[in-house]
Amino acid sequence: MAEKTIMLVCSAGMSTSLLVTKMQKAAEAKGIEAKIFATAAGDADNALASNDVNVMLLGPQVRFMLSQFQQKLADKNIPVAVIDMRAYGMMDGATVLAQAEKLMGN
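The rules behind these values
- Residues numbered from 1 in each chain as written.
- Predicted model: local features only at pLDDT ≥ 70, side-chain atom pairs only at ≥ 80, totals over all residues.
- Heavy atoms only, no water.
- Core = buried A, V, L, I, M, F, W, Y, C linked by side-chain atoms within 4.5 Å.
- Buried < 20%, exposed > 50% of the residue type's maximum accessible area, 1.4 Å probe, protein only.
- Helix = DSSP H or I, 4+ residues; strand = E, 2+ residues; numbered from the N terminus.
- Expected span 1.5 Å × (residues − 1).
- Arc of directions from axis to C-beta.

### Brief notes about the nonpolar core
One broad rule of soluble globular proteins: the nonpolar side chains tend to lie buried together.
No. 1: In this structure, Ile6, Leu8, Leu19, Met23, Leu57 and Leu97 are the most contacted members of the largest nonpolar core, which totals 22 residues.
No. 2: When residues of this core are traced back to their parent elements, those giving at least two are β1 (4–10), α1 (15–30), β2 (34–40), β3 (55–58), α4 (85–89) and α5 (93–104).
No. 3: With 16 residues, the next largest nonpolar core counts Met7, Val9, Leu58 and Val62 among its residues.

Structural data, given as structure tokens:
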């Protein structure tokens, strides 16, 4: 399977950096090649322009931006969803990775 790019968006890009690390560990454990990174909501457009993103996940604190990103990404065929609140709160990288995989149809 080709490398997948998973983009996490949160209010400042800080709180999700720990989640990125945990998701990368979960991906390695499953033998999944994935580029996972976090960005601030304000920089999401730049990150989308400079990366070949396969799926976008929003931190619960920016869930109000979901419809905005859905409209932006509709023609790009990039699925977008809000990270499961419990998984985010527990920084459960494996669960969030599974959510991303499901969105990508894997």
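### Comments concerning α1
No. 1: Relative to the 22 Å expected for 16 residues at 1.5 Å per residue, α1 spans 24 Å between its end C-alpha atoms, a close match to the ideal helical length.
No. 2: Looking at α1, one finds that the buried residues are Thr16, Leu19, Val20, Met23, Ala26 and Ala27. Buried residues of α1, viewed axially, fall in a sector of 130 degrees; they line one side. Opposite the packed face of α1, turned more than 90 degrees from it, sit the exposed residues Lys25, Glu28 and Ala29.
No. 3: Gly31 occupies a position one or two residues after α1 and carries a positive phi of about 75 degrees.

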